[in-house]
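# Structural features, examined
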Amino acid sequence: CDLPDIDQMSVRAVELADQLARSPGNCDHAWRLARVIAELTDQLDRHVADAERELFPLIRGHVSADRYRPVARRLRGSLGERMRERIGHRAGPD
């Protein structure tokens with residue numbers, strides 16, 4: 001799984017969502033968005049599976065839970081911030 005591919009697909013999904021928002025009745029935009037979201041979901045599933053299989057055992061073998069917790073919190077915060085940066089300006093007040 002390649003993170004740049006995931007990033008590119010995320011950008012494409014946002015672009016297609018914008019197109020669909022501008023033309024809500026356009027089935028072509030909807031189908032293209034659905035395909036990108038499906039592929040993005042598959043890529044993310046593979047990425048998580050790779051991390052669970054390869055990365056997490058290394059962490060468990062070399063890092064205590066007490067030392068890992070603050071790192072995990074920072075990683076989750078960083079990921080959440082990246083997603084907010086990507087979609088935040090598109091979100092309405094709700």
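Residues numbered from 1 in each chain as written. Predicted model: local features only at pLDDT ≥ 70, side-chain atom pairs only at ≥ 80, totals over all residues. Heavy atoms only, no water.

What follows covers helix α2 (residues 27-62). For α2, with 36 residues, the first-to-last C-alpha span of 51 Å sits near the 52 Å given by 1.5 Å per residue. At Glu-52, α2 shows its maximal bend, which comes to roughly 40°. Every buried residue of α2 is accounted for by His-29, Leu-33, Val-36, Leu-40, Gln-43, Ala-51 and Ile-59. (Helix = DSSP H or I, 4+ residues; strand = E, 2+ residues; numbered from the N terminus. Expected span 1.5 Å × (residues − 1). Bend = angle between axes of the 7 residues up to and from the residue. Buried < 20%, exposed > 50% of the residue type's maximum accessible area, 1.4 Å probe, protein only.)

Turning to the pattern of salt bridges, a few remarks are in order. This model, assessed by the stated rule, comprises 6 salt bridges. Between Asp-28 and Arg-32 there is a salt bridge, with the nearest N and O atoms lying 3.3 Å from each other. Of this pair, Asp-28 and Arg-32 are both found in helix α2, 4 residues apart, which corresponds to roughly one turn of the helix. Note on Asp-28: relative accessible area 44%, which makes it partly exposed. For Arg-32, a relative accessible area of 23% gives the class partly exposed. One salt bridge in this structure joins Arg-53 and Glu-54, with 3.2 Å as the shortest N-O distance. Of the residues examined, Glu-54 reaches a relative accessible area of 48% and is grouped as partly exposed. Several salt bridges share partner residues, and in doing so they unite Asp-50, Arg-53 and Glu-54 into one network. (Salt bridge = Lys/Arg side-chain N within 4 Å of Asp/Glu carboxyl O.)

A word on helix α1 (residues 3-22). Between its terminal C-alpha atoms α1 stretches 29 Å, which fits the 28 Å expected from 20 residues at 1.5 Å a residue. Where α1 is concerned, the buried positions are Ile-6, Met-9, Ser-10, Ala-13, Val-14, Leu-16 and Gln-19.

A separate point is the packing of α1 against α2. Two elements in contact, α1 and α2, have axes separated by 9 Å at closest approach and are oriented at 155°. On the basis of the axis angle, α1 is roughly antiparallel to α2. Handedness of the α1/α2 crossing: left-handed. Every residue of α2 that contacts α1 at Leu-3, Ile-6, Met-9, Ser-10, Arg-12, Ala-13, Leu-16, Ala-17, Gln-19 and Leu-20 is listed here: His-29, Ala-30, Arg-32, Leu-33, Val-36, Glu-39, Leu-40, Gln-43, Leu-44 and His-47. Its residues placed into classes, the contact of α1 with α2 shows 12 nonpolar, 5 polar and 3 charged. (Axes fitted to C-alpha atoms, helices over the stretch in contact; angles between N-to-C directions. Parallel < 35°, antiparallel > 145°, perpendicular 65-115°, else oblique. Left-handed = near helix turned anticlockwise from the far one by under 90°. Contact = heavy atoms within 4.5 Å. Nonpolar A, V, L, I, M, F, W, Y, C, P; charged D, E, K, R; others polar.)

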